[in-house]
Amino acid sequence: MDGPDRTAAGARATPDGSGDWGGPPLPPDELAATLLPPGRARGLPAVAYTSDRVFAWERDRFWRRDWVCLGRDATLAESGVQAGLDVAGAGVLAVRDATGRLRTFRNACRHRGHELVARGCAVRRSTIWCAYHAWVYRLDGSLRKAPRFDPPPDTDLDLLPVRSAQWQGWLFVDLSGNAPPLADVIGDLDAALAAYRPGELRVVASEEYDVAANWKLIVENYLECYHCPSTHPELSRVQRTEGGESFPATGRWLGGHLDLRNSATSMSLDGAGPGWTFPGLDEDQARQVRYHLLLPNLFITATHDYLVTHRLVPVAADRTRVECEWLFPAELVVADVDPGYAVEFWRTTNRQDWAACESVQRGVSGGGYRPGPLAPHEDLLHAFLVRLAAAYQSGGPLSSTGSAASTEPAR
Ligand code: FES
Ligand SMILES: [Fe+2]
């Protein structure tokens, strides 16, 4: 890290690297300016984006003790499919068993810890097989066979289960097993997205980006369009960059909408689209681009004809992997509509956003950054920072309010 690594007095990393040293990751006086009311508040200090210790603390409190999205469950549709997934550096093995049930385990063999499926990879087999010494597990995680070896009797050597749940086609895990129900996190986001039927949409394109920026900078960037006129000329030609409203929200999400320009019929480079609209949208919604951030890692952008999502996987204090997916309704897929109009548009926008976030990362890492005032257009960003600062002070997690959604437990 280039930046200073200042933490609260007495703070120290634990030997296991969990960062669970007991104290807040940032001293209260460093957060005071961020907690001021809108209009007077400032951003976070540089250390929030550059410190390995802060990153380790967040990884422990936000990512490994709470619900995190692991992507679409449709990629695990077939019986026997096994995928190696990543929760901020912790491996999860997701398996569709023979009964159709989606199961999740720690991705570590009970012998000496070899990964069962390499991260980012997927296989399809009738058993779970460790490539190191060939121990074999059933799809329910129970140990079936250890070659040329009889493990001690009465020793549980089944794979360690991980709590998981599904919502609208997305798979979530809670590594701690102690987080409140996922429905508390979703809150009324379920109702806010109902007309788009996200559970029925199909992934028609997917791209991954390795972004040299802290995960929070990518979140902050998503939460304001103050940067749009200067950073996104193409987007600004088809969507208004101000004049929208923030959504009231229960649960652990934030969002707001902006309108399409009158000259545009879709979020595409030339403003043209297939001329189709989700049937459940009202007249206003049909002209809106609706942005939703489900903390900590899923962005859902809903337009009247498709959804585009971004899913963050933090890798280091200054590095984040971003998976972008385009979700189309069956009507457009069946009509053989080429998703290129949406893919090209967001590919262009994504690259502009990542370049901006990486530039900010360099700026806050160089020692010359002092937290600046937030503009009125950055009210949602401020709401995120307040939630974050409160979590830093309380010891986490990122808070939720209320409960409304129904979620389907995966196990
Ligand atoms: S570590 Fe898996 S069989 Fe040895
Ligand atoms: Fe942007």
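Residues numbered from 1 in each chain as written. Chains lettered and ligands numbered in written order. Predicted model: local features only at pLDDT ≥ 70, side-chain atom pairs only at ≥ 80, totals over all residues. Heavy atoms only, no water.

**Considerations on the coordination of the iron ion (ligand 2)**
A metal bound by six donors in octahedral fashion has ideal angles of 90 or 180 degrees, whereas one bound by four tetrahedral donors has an ideal angle of 109.5 degrees.
Moving on, step 1. Taken together, the protein ligands of the iron ion (ligand 2) are His227 (NE2), His232 (NE2), Asp353 (OD) and Asp353 (OD), with distances of 2.0 to 2.8 Å.
Moving on, step 2. The coordination sphere of the iron ion (ligand 2) comprises four donor atoms, whose angles at the metal cover 52 to 150°; the geometry is irregular.
Moving on, step 3. Here the donor residues for the iron ion (ligand 2) map to a single chain with the spacing H-x4-H-x120-D. Pair noted here: His227 is in the loop between α6 (215–222) and α7 (228–231) and Asp353 is in helix α10 (residues 340–365), with a separation of 126 residues, a long-range link.
Moving on, step 4. Overall, the relative accessible area of 11% leaves Asp353 in the buried class. (Donors = N, O, S within 2.8 Å, 3.2 Å for Na, K, Ca; no water. Tetrahedral: all angles 85-135°; square planar, octahedral: opposite > 155°, others 65-115°. Helix = DSSP H or I, 4+ residues; strand = E, 2+ residues; numbered from the N terminus. Buried < 20%, exposed > 50% of the residue type's maximum accessible area, 1.4 Å probe, protein only.)

**Things to note about α10**
Moving on, step 1. In a regular helix each residue adds 1.5 Å, so 26 residues correspond to 38 Å; α10 covers 37 Å between its end C-alpha atoms and thus fits that length.
Moving on, step 2. Directly after α10, the chain includes Gly367, whose backbone phi takes a positive value near 90°. (Expected span 1.5 Å × (residues − 1).)

**Examining the UniProt feature "domain: Rieske" (unreviewed entry) in the protein**
Moving on, step 1. In the numbering used here, UniProt assigns the "domain: Rieske" (unreviewed entry) feature to residues 73–171.
Moving on, step 2. Helix makes up 0% of residues 73–171 and strand 36%, and the two end C-alpha atoms of the span are 5 Å apart. (UniProt positions renumbered as here; feature names shortened; annotations may be inferred.)

**Regarding the layout of surface pockets**
Moving on, step 1. In this model, the largest pocket occupies a volume close to 530 Å³.
Moving on, step 2. Looking at the largest pocket, it is lined by 36 residues, and the ones nearest its centre are Tyr222, Leu223, Glu224, Cys225 and Leu258.
Moving on, step 3. Taken together, the elements giving at least two residues each to the lining of the largest pocket come down to α6, β12 (245–246), β13 (253–259), β14 (288–294), α10 and α11 (379–394).
Moving on, step 4. The residue makeup of the lining of the largest pocket, split by class, is 16 nonpolar, 15 polar and five charged. (1 Å grid on protein atoms, 1.4 Å probe; cavity = no way out; pocket = protein on both sides within 12 Å on 5 of 7 lines; lining within 4 Å. Points joined across faces, edges and corners; volume = space filled by probe spheres on them. Nonpolar A, V, L, I, M, F, W, Y, C, P; charged D, E, K, R; others polar.)

**A closer look at the domain arrangement of the protein**
For interface size, the figure often reported is the accessible area lost on association.
Moving on, step 1. Along its sequence, the protein is carved into domain 1 (68–167) and domain 2 (183–406).
Moving on, step 2. Between domain 1 and domain 2, the C-alpha centre-to-centre distance is 32 Å.
Moving on, step 3. Between domain 1 and domain 2 lies a buried interface of about 1,000 Å² when both sides are counted; carbon and sulfur atoms form 61% of it.
Moving on, step 4. Together, Cys69, Arg72 and Trp167 form the three largest contributors to the area buried by domain 1 at its contact with domain 2, with a combined 66%.
Moving on, step 5. On the surface where domain 1 and domain 2 come into contact, there are one salt bridge. (Domains from an automatic or database assignment. Buried area = accessible area lost by both parts, 1.4 Å probe. Salt bridge = Lys/Arg side-chain N within 4 Å of Asp/Glu carboxyl O.)

**Some words on α11**
Moving on, step 1. Taking 1.5 Å per residue, 16 residues should reach 22 Å; α11 reaches 22 Å between its end C-alpha atoms and fits that length.
Moving on, step 2. Elements that come into contact with the buried residues of α11 comprise α1 (28–31), α2 (47–50), α3 (52–63), α6, β12 and β13.
Moving on, step 3. Looking one or two residues beyond α11, the residue adopting positive phi is Gly395, at roughly 95°. (Contact = heavy atoms within 4.5 Å.)

**A closer look at the sheet that holds β13**
Moving on, step 1. Reading across from one edge, β11-β17-β16-β15-β14-β13-β12 is the order of the seven strands in this open sheet, with antiparallel pairing throughout. Both outer strands of the open sheet, β11 (202–211) and β12, are each paired with one neighbouring strand and no more.
Moving on, step 2. Where β13 lies against β14, seven bridges are found, and the strand directions are antiparallel. Counted as the bridge partner of Gly255 is His292 from β14.
Moving on, step 3. Packed onto the sheet, α11 meets β12 and β13 and runs at close to 175° relative to β13. (Pairing = 2+ DSSP bridges. Axes fitted to C-alpha atoms, helices over the stretch in contact; angles between N-to-C directions.)

**Some points on the state of the cysteines**
Moving on, step 1. Under the criterion given, the structure shown has one disulfide.
Moving on, step 2. Each disulfide pairs two cysteine sulfurs, and for Cys225 the partner residue is Cys228, the sulfurs being separated by 2.0 Å. Linking Cys225 and Cys228, the disulfide has an S-S dihedral of approximately -105° and is accordingly described as left-handed.
Moving on, step 3. A residue is classified by how much of its surface remains accessible, and Cys225, at 13% relative accessible area, is buried.
Moving on, step 4. Cys228 sits in the buried class, given a relative accessible area of 4%.
Moving on, step 5. Unpaired in terms of disulfides, Cys324 finds its nearest cysteine sulfur in Cys69, a separation of 13 Å. (Disulfide = S-S within 2.5 Å.)

**Concerning the pattern of salt bridges**
Moving on, step 1. Considering all chains together, one arrives at 17 salt bridges under this definition.
Moving on, step 2. A salt bridge links Arg119 to Glu115, with the shortest nitrogen-to-oxygen separation between them at 3.1 Å.
Moving on, step 3. Judged by its relative accessible area of 37%, Arg119 falls in the partly exposed class.
Moving on, step 4. A relative accessible area of 29% means that Glu115 is categorised as partly exposed.

**A closer look at unusual backbone geometry**
Moving on, step 1. Cis geometry marks the peptide bond from Leu295 to Pro296, where omega comes out at 5°.
Moving on, step 2. Checked against the element boundaries, Pro296 lands in the loop between β14 and β15 (298–302).
Moving on, step 3. Located in the positive-phi region is Arg148, a residue other than glycine, with phi close to 55°.
Moving on, step 4. Along the chain, Arg148 turns up in the loop between β8 (143–145) and β9 (163–167).
Moving on, step 5. Look at Arg148 and you get exposed, because its relative accessible area is 84%.
Moving on, step 6. Even without being a glycine, Gln168 presents a positive backbone phi close to 50°.
Moving on, step 7. By the secondary structure assignment, Gln168 is in the loop between β9 and β10 (170–174).

**Overview of the packing of aromatic side chains**
Moving on, step 1. A complete count under the given rule lists 19 aromatic pairs for this structure.
Moving on, step 2. An angle of 70° between the planes, with centres 5.6 Å apart, marks the rings of Trp57 and Tyr392 as edge-to-face. A residue pair is termed long-range when its members are at least 10 positions apart, and Trp57 in helix α3 and Tyr392 in helix α11 qualify at 335 residues.
Moving on, step 3. Trp57 gets classed as buried once you look at its relative accessible area, which sits at 1%.
Moving on, step 4. On the accessibility criterion, Tyr392 (0% relative accessible area) is buried.
Moving on, step 5. A cation over a ring is seen here: Arg72 above Trp170, with NZ or CZ 4.5 Å from the ring centre. (Phe/Tyr/Trp six-rings, centres within 6.5 Å; stacked < 30°, edge-to-face > 60°. Lys NZ or Arg CZ within 6 Å of the ring centre and 35° of its normal.)

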